[in-house]
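# Analysis of the macromolecular model
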Amino acid sequence: MNRRLALSTALLAVMAAVAPVTTAHAAGTTPDLEALTRALVKTTDAGAPGALARFSGPDGTRTRAVGVRDRVTGAPMQPQARFRIGSVTKTFSSVVLLQLVGEGRIDLDASVNRYLPGLLPDDRITVRHLLNHRSGLADYTDEMFEHTVPGFEAVRNKVFGYQELVDLSLAKPRTGAPGAAYGYSNTNFVVVGMLIEKATGNPVAKEYERRIIQRLRLRNTAYVHPATRISGVHTRGYLHPDEAGGPLVDSTEQTASWAQSAGAMISDPADLNTFTSALLSGKLLPARLLDAMITVTPTDATNTRFYGLGLRRYDLSCGTSVYGHTGTVQGFYTYAFSTRDGRRSLAAMANTSNMGEANTALGGTLEAAFCGKQTAKATERGFGFAPAEVDLPEHDVR
Ligand code: REX
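Notes on the structure follow. (Residues numbered from 1 in each chain as written. Predicted model: local features only at pLDDT ≥ 70, side-chain atom pairs only at ≥ 80, totals over all residues. Heavy atoms only, no water.)

### Examining the overall build of the chain
To keep things clear, this is the line we draw: Secondary structure counts use DSSP, requiring at least four H or I residues in a row for a helix and at least two E residues in a row for a strand, with both numbered from the N terminus. Classification of residues uses two cut-offs on accessible area relative to the type maximum, computed with a 1.4 Å probe and protein chains only: under 20% is buried, over 50% is exposed, and between them is partly exposed. Whether two residues are in contact is decided by their heavy atoms, any of which lying within 4.5 Å being enough. The accessible surface values rely on the Shrake-Rupley method and a 1.4 Å probe; as for residues, cover is taken only from the protein chains in view.
Scanning the chain from terminus to terminus reveals 14 helices and 15 strands. Looking at the chain as a whole, 58% of its 398 residues qualify as buried. If you take every contact in the chain between residues at least 6 apart in sequence, the share linking residues at least 24 apart comes to 71%. A total accessible area of about 16100 Å² is found for the chain, and carbon and sulfur atoms account for 53% of it.

### Re the site of the ligand
The following threshold applies: Here a residue counts as near a molecule or strand whenever at least one of its heavy atoms sits within 4 Å of it. Residues adjacent in sequence count toward polar contacts only when both atoms are side-chain atoms; beyond that, a polar contact is any pair of N or O atoms within 3.5 Å, and within protein one must be able to donate a hydrogen and the other to accept it. Detection works on a 1 Å grid of protein atoms alone, calling trapped sets that fit a 1.4 Å probe cavities and calling open sets with protein on both sides within 12 Å along at least five of seven lines pockets, with lining residues defined by an atom within 4 Å of a point. If over half the atoms of a molecule are within 2 Å of the grid points of a cavity or pocket, the molecule is regarded as sitting in it.
In the vicinity of the ligand, 19 residues are found, and the nearest of them are S87, F145, Y184, T326 and S353. Residue F145 places a main-chain N or O atom 2.6 Å away from a nitrogen atom belonging to the ligand. The contact in question runs from a nitrogen atom of the ligand to an N or O atom on the side chain of T148, over 2.7 Å. Compared with its free state, where it exposes 630 Å², the ligand has 83% of that area covered by protein. Spatially, the ligand is embedded in the largest pocket. Of all the elements, strand 11 (residues 321-329) adds the most residues to the shell around the ligand, at 5 residues.

### Side note on the environment of N303
Structurally, N303 is set in the loop between strand 8 (297-298) and strand 9 (305-307). Residue classification places N303 among the exposed positions, given a relative accessible area of 52%. Separated by 11 residues in the primary sequence, N303 and Y314 have C-alpha atoms spaced 9.1 Å apart.

### Focus on the sheet that holds strand 3 (residues 60-67)
What counts is decided by this rule: When DSSP finds two or more bridges between a pair of strands, those strands are recorded as paired. Axis lines are fitted to C-alpha atoms, over the contacting stretch for helices. Their N-to-C directions set the angle, which ranges from 0 to 180 degrees.
One open sheet holds the 8 strands; their spatial order is 3-2-13-12-11-10-9-8, and the pairing between them is antiparallel. Each end of this open sheet is capped by a strand with a single partner; those strands are strand 3 and strand 8. Inspection of the sheet shows strand 10 (residues 312-315) paired to strand 11 by 4 bridges, in the antiparallel sense. Opposite R313, over in strand 11, you have Y323 as the bridge partner. Where helix 2 (residues 33-45) meets the sheet, it contacts strand 2 (50-57), strand 3 and strand 13 (345-350), and its direction lies at approximately 30 degrees from that of strand 3. Where helix 3 (residues 88-102) meets the sheet, it contacts strand 9, strand 11 and strand 12 (332-339), and its direction lies at approximately 115 degrees from that of strand 11.

### Re the state of the cysteines
Stated formally: Cysteine sulfurs are considered disulfide-paired once they come within 2.5 Å of each other.
Considering all chains together, one arrives at 1 disulfide under this definition. Here C318 engages in a disulfide with C371; their sulfurs sit 2.0 Å apart. Between C318 and C371, the disulfide has an S-S torsion of -70 degrees and is therefore left-handed. Residue C318 is found in the loop between strand 10 and strand 11, and its partner C371 is found in helix 13 (residues 356-371); the two are separated by 53 residues along the sequence.

### Regarding the layout of surface pockets
Note the threshold: Grid points are joined across faces, edges and corners, and a volume is the space filled by probe spheres set on the points.
What the largest pocket holds in volume is close to 460 Å³. Lining the largest pocket are 25 residues, and of these T141, F145, N186, W258 and T328 sit closest to its centre. For the lining of the largest pocket, the secondary structure elements donating two or more residues are helix 6 (141-144), helix 7 (148-155) and strand 11.

### Overview of the side chain of R211
Examined against the element boundaries, R211 turns out to sit in helix 10 (residues 204-213). Overall, R211 belongs to the buried group, its relative accessible area being 4%. At 2.7 Å, the side chain of R211 and the side chain of E103 are in polar contact. Separated by 2.6 Å, the side chains of R211 and E207 make a polar contact.

### Quick word on the environment of Y184
Note that Y184 resides in the loop between helix 8 (162-170) and helix 9 (186-200). For Y184, a relative accessible area of 27% corresponds to the partly exposed category. Measuring from C-alpha to C-alpha, the distance between Y184 and N132 comes to 8.4 Å, with 52 residues separating the pair along the chain. Not counting chain neighbours up to four residues away, the residues in contact with Y184 comprise S87, K90, H133, D139, Y307, R312 and H325.

### Examining the sheet that holds strand 5 (residues 238-239)
The strand order 6-5-14 describes an open sheet built from 3 strands, whose pairing is mixed. Every other strand in the sheet has two partners, leaving strand 6 (249-250) and strand 14 (352-353) as the edge strands with one partner each. As judged from the 2 bridges shared by strand 5 and strand 14, these two strands associate in the parallel manner. Among the inter-strand pairings, L239 is bridged to a residue of strand 14, identified as S353.

Quick look at the structure:
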């Protein structure tokens, strides 16, 4: 037995003796923190400058980080640093819209054109079709970012009106009849933003703020469009060019105007854990609307990936389903998921994009966090995580 193992075993024995046997894990698993770290290392091995995961569950919070959040200063990845969450914004937009449904201000199955007369070329496109990506409206970002770096640089400082983005979509053929098939499109959530502004008379920023951010005290979450900077301590994002091995482009500063209510929010791992937990535990929506949100259809043929209303469901190998969203904006990959009861949540991010291998590796944090180690083993030992692991300090950086 090597020295470290001997020490761990001794520590285990001591802790097993003093720690009360917990029953908190009875119905689940505890995160496998070594596997979590391995997934993050795999992400940086694939080329991401840094990667980070924050798990929150009944036994508290565990954070792991590898690599750097700034390639120039060499500052390490930091759990409290803010970053761009991309399409996780869609879940925020969906919550706001469903709250308006709950207030009787919007009908999920009404034609979008009832609220925005003449906007869409087909009266059969309903509000629900936007939220579940079944409108058939083409995604304007496909052409916009066909050439990754030039496409990004062309819009980096641009400020689009919603109508301009919708027009870009409508200039393309529709992808299907309303309701016919799932087809992920940012256009849908641009129209959701328009609906929110029409129904409330306020900019979306104000509605995110008062309905979600303030309510959950998300101090590091903001919608600052079209401001280009991320204020406070933040992670810098690095976009990978299409040429394999080409130099990374610092893409931190941008308007994110091409994404707006489909992807322009900024947050941090703790706020994302709070948000997905609150959502799934019913703190943001009445039960019938949360039910509508988690009513899903498959997005591919694996039968493990599904989409509801602005919300993904992933079925993991251990049989656990998790709900949340993924995000990709230039320089940042994000995962924010929670179990159905909201009791366990994971936020993971890597500060790169257009790097599929890194994104897939980062997705490995979901299995590590939610499937992790089996309960029986954890309870036998009296606690659920390896003593050799050191948790990162969590301090306030605001
Ligand atoms: C735009 C291109 C990706 C990024 C996109 N992002 O549609 C939305 C989002 C907001 O987060 N969607 C993802 C760029 C898929 C989600 O739901 O998880 N790619 C990049 C290219 C490719 O430019 N040529 O990787 O940064």
